[in-house]
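Results of the structural survey
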Amino acid sequence: MAVQISPSILSADFARLAEAAAAVSNADWLHVDVMDNHFVPNLTLGLPVVESLLKATSLPLDCHLMIEDPDRWAPAYAEAGAGSVTVHAEAAKAPVRTLRQIRAAGARAGFALNPATAVEPYEDLLGEIDMLLLMTVEPGFGGQRFLDVVLPKIRRARALIERHGGQIWLQVDGGVAADTIERCAEAGADVFVAGNAVYGADEPARAVEELRKLAAKV
Ligand code: DX5
Ligand code: ZN
């Protein structure tokens with residue numbers, strides 16, 4: 001499994017997003033948290049900012065939609081040029097259609113589960129998914145403590161993915177830092193979102209490399 005690091009700009013200075021992207025040019029993705037104040041109790045940014053970011057960075061955008069009615073909004077992020085668009089199981093009403101629309105627009109289709117949402121009911125959907133995102137905090141805010149109650153689910157998700165052929169990426173998001181990333185990698189995650197651990201560091205690019213090394217040595 002190739003380790004990939006996706007720094008979350010939720011922990012960056014929202015008035016300096018282009019600089020925040022440039023500061024992690026050694027990352028694999030730039031994680032963009034779209035929050036609507038309804039699905040989660042926080043409001044961040046939407047399509048216009050994503051369109052500007054696409055012009056400001058050569059990093060592919062990993063758009064994580066924490067919004068109600070993602071069936072309505074997700075395809076536009078893919079059409080705009082996001083490399084990956086992730087919708088939540090708890091919010092999508094027609095996930096098969098929406099995941100297919102994301103792929104049809106040329107992006108990778110991501111499917112996210114909150115900490116209390118089981119992975120097993122979605123086994124039949126794996127063929128529609130390029131990346132499974134397991135939240136390791138309750139979504140809404142950066143800088144929260146990692147929930148190790150999710151670790152067994154990471155293991156079970158990895159086993160399901162292997163049974164399915166092993167092509168689907170397994171992303172973890174929330175509280176991923178130097179003291180938690182190895183447990184996630186050991187459980188089977190291969191794409192690591194990190195907000196505070198990257199943008200809270202003095203040198204974000206160095207933090208990316210340190211996280212990458214820790215995950216890769218597992
Ligand atoms: C939380 C977001 C995360 C957040 C992670 O709802 O989905 O992407 O930015 O931030 P940290 O790494 O600080 O927990
Ligand atoms: Zn996120």
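Residues numbered from 1 in each chain as written. Chains lettered and ligands numbered in written order. Predicted model: local features only at pLDDT ≥ 70, side-chain atom pairs only at ≥ 80, totals over all residues. Heavy atoms only, no water.

1. Quick word on the site of ligand 1
- Taken together, 21 residues lie around ligand 1, and S8, G140, D173, G175 and G195 are the ones closest in.
- A distance of 2.8 Å separates an oxygen atom of ligand 1 from a polar backbone atom of G175.
- At 2.8 Å, a backbone N or O of G195 approaches an oxygen atom of ligand 1.
- When contributions to the shell around ligand 1 are tallied by element, the ones reaching two or more residues are strand 2 (30-35), strand 3 (61-66) and strand 8 (191-194).
- Top element by residues in the shell around ligand 1 is strand 2. It accounts for three residues. (Near = heavy atom within 4 Å. Polar contact = N/O pair within 3.5 Å; in protein donor to acceptor, adjacent residues only side chain to side chain. Helix = DSSP H or I, 4+ residues; strand = E, 2+ residues; numbered from the N terminus.)

2. Regarding the packing of aromatic side chains
- On inspection of all chains with the given rule, the structure shows two aromatic pairs.
- Their ring planes at 75° and their centres at 5.9 Å tell us that W29 and W169 sit as a pair that is edge-to-face. Of this pair, W29 sits in the loop between helix 1 (17-22) and strand 2 while W169 sits in strand 7 (residues 169-173), and the two are 140 residues apart along the sequence.
- By relative accessible area, which is 9% here, W29 ends up buried.
- Geometrically, the ring pair formed by F111 and Y122 is edge-to-face, given 5.2 Å between the ring centres and 70° between the ring planes. Of this pair, F111 sits in strand 5 (residues 108-113) while Y122 sits in the loop between strand 5 and strand 6 (131-135), and the two are eleven residues apart along the sequence.
- Residue F111 is classed as buried on the basis of its relative accessible area of 0%. (Phe/Tyr/Trp six-rings, centres within 6.5 Å; stacked < 30°, edge-to-face > 60°. Buried < 20%, exposed > 50% of the residue type's maximum accessible area, 1.4 Å probe, protein only.)

3. Thoughts on the sheet that holds strand 2
- Spatial strand order, 1-8-7-6-5-4-3-2: eight strands in an open sheet with parallel pairing. At either end of the open sheet lies a strand with only one pairing partner, and these are strand 1 (4-7) and strand 2. Mean inter-strand twist for the sheet, computed between neighbouring axes without regard to direction, equals 25°.
- The pairing of strand 6 with strand 7 spans five bridges and is parallel. Within the sheet, the bridge partner assigned to L133 lies in strand 7 and is Q171.
- Where helix 3 (residues 70-80) meets the sheet, it contacts strand 2, strand 3 and strand 4 (84-88), and its direction lies at approximately 170° from that of strand 4.
- Lying over the sheet, helix 8 (residues 204-216) contacts strand 1 and strand 8, oriented at roughly 145° with respect to strand 1. (Pairing = 2+ DSSP bridges. Axes fitted to C-alpha atoms, helices over the stretch in contact; angles between N-to-C directions. Contact = heavy atoms within 4.5 Å.)

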